[in-house]
Amino acid sequence: MTIKIRTAFVAHVRVRFHDCDPLGHVNNAVYLGYLEQAAIDHAAAMNWPASRLQGEFGAVFVARCHEIDFLRPAFENDVLEILTWPESLAGARAMRAYQIRRIEASPGSLPPDRLVDASYISRSEGEVVVTARTAWAFTYVSGGRPVRIPRVLLDDFMVRDD
């Protein structure tokens, strides 16, 4: 059986002064916020915001572990493209990958956030500043126990060639 992603998601942010540390580059903790927001926005763009997950399944995705590689610094006014996609979904666990790239953008505007196909991941535009992975657990809101990811979610985010 082959499993591949159905979509990836690309978001954009212009680095603000308050995102930077005393050395003038994006604070490491700020990148985590960029990653989490991109994952949340991807789910919402796929019509699975946290409110729907909680309403239909009584569960939401909770971050369990982050692995972030800081490759080069980003600075105030840089435009960053945050790209995210699911690597795998099995049991109660979802693995999500990310790339953050510095891109050229016109002053005062950002490219639109949007769903993209898998080929977008390997394009060579932009300088990669961060790569990351997050392990998410699908978890009951009441009680906090992990629960198996429903098949409808698996099918919406991944394509299975049985």
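About the thresholds
Residues numbered from 1 in each chain as written. Predicted model: local features only at pLDDT ≥ 70, side-chain atom pairs only at ≥ 80, totals over all residues. Heavy atoms only, no water. Helix = DSSP H or I, 4+ residues; strand = E, 2+ residues; numbered from the N terminus. Rg over C-alpha atoms; globule rule 2.2 N^0.38 Å. Buried < 20%, exposed > 50% of the residue type's maximum accessible area, 1.4 Å probe, protein only. Contact = heavy atoms within 4.5 Å. Areas by Shrake-Rupley, 256 points an atom, 1.4 Å probe, with all protein chains shown as cover. Salt bridge = Lys/Arg side-chain N within 4 Å of Asp/Glu carboxyl O. Pairing = 2+ DSSP bridges. Axes fitted to C-alpha atoms, helices over the stretch in contact; angles between N-to-C directions. Lys, Arg positive; Asp, Glu negative; His and termini not counted. Polar contact = N/O pair within 3.5 Å; in protein donor to acceptor, adjacent residues only side chain to side chain.

Enquirer: Sorry if this is basic, but what is going on with the overall build of the protein chain here?
Expert: Per the secondary structure count, the protein chain includes three helices and eight strands. Shown N-terminal to C-terminal, the secondary structure of the protein chain runs as helices and strands in the order β-β-α-α-β-β-β-β-β-α-β. Relative to the 2.2 N^0.38 estimate, which gives 15 Å for 162 residues, the radius of gyration of the protein chain is 16 Å and therefore close to what a compact globule would have. In terms of its C-alpha atoms, the protein chain occupies a principal-axis envelope of roughly 45 × 35 × 25 Å. Residue burial in the protein chain is summarised as follows: out of 162 residues, 41% are buried. Counted over contacts in the protein chain with a minimum sequence separation of 6, partners at least 24 positions apart contribute 79%. Of the roughly 8,700 Å² that the protein chain leaves accessible, carbon and sulfur atoms contribute 53%.

Enquirer: For this particular structure, what's the right way to read the pattern of salt bridges?
Expert: Between side chains of opposite charge, a pair can form when the charged atoms approach closely. Applying the stated rule across the entire model yields nine salt bridges. The salt bridge involving Arg52 is made with Glu56; its shortest N-O contact spans 2.7 Å. With a gap of four residues between them, Arg52 and Glu56 both fall in helix α2 (residues 50-57), about one helical turn apart. Judged by its relative accessible area of 46%, Glu56 falls in the partly exposed class.

Enquirer: Before we go on, may I ask you to explain the sheet that holds strand β3 (residues 59-70) in this structure?
Expert: Across a sheet, strands are paired by hydrogen bonds formed along the backbone, either parallel or antiparallel in direction. Across the sheet, which stays open at both edges, the six strands sit in the order β3-β7-β5-β4-β2-β6 with antiparallel pairing between neighbours. Unpaired on one side and paired on the other, β3 and β6 (114-116) mark the two borders of the sheet. Geometrically, the sheet is characterised by an average inter-axis angle of 30° between neighbouring strands, direction not taken into account. Across three bridges, the pairing between strand β2 (residues 8-14) and β6 is antiparallel. Each residue of the ladder has a partner; that of Ala8, found in β6, is Val116. Docked against the sheet, helix α1 (residues 28-45) engages β2, β3, β4 (79-90), β5 (93-103), β6 and β7 (127-140), running at close to 60° with respect to β4. Along the sheet, α2 makes contact with β3 and β7, crossing β3 at roughly 140°.

Enquirer: Just to check I follow, could you spell out the environment of Leu32 for this structure?
Expert: With respect to the element layout, Leu32 can be found in helix α1. Its relative accessible area of 26% is what places Leu32 among the partly exposed residues. When the C-alpha positions of Leu32 and Arg151 are compared, they lie 28 Å apart, and in sequence the two are 119 residues distant. Look past the residues within four positions of Leu32 in its chain and what remains in contact with it is His66 and Ile68.

Enquirer: Which parts of the structure should I look at to understand the pairing of β2?
Expert: The side chains of a regular strand alternate, first on one face of the sheet and then on the other. With six of seven residues buried, β2 is to be regarded as a mostly interior element. Two strands pair when backbone bridges link them, and β2 and β4 are joined in this way by six bridges, in the antiparallel orientation. Its bridge partner lying in β4, Phe9 is registered against Thr84.

Enquirer: So what exactly am I meant to see when it comes to the side chain of Asp21 here?
Expert: Mapped onto the elements of the fold, Asp21 is located in the loop between β2 and α1. Comment: no salt bridge for buried Asp21; closest opposite-charge side chain is Arg102, at 12 Å. Here Leu23 takes part through its backbone nitrogen, which lies 2.9 Å from a polar atom of the side chain of Asp21. Once you skip the residues sitting within four places of it in the chain, Asp21 turns out to touch Val26 and Asn27.

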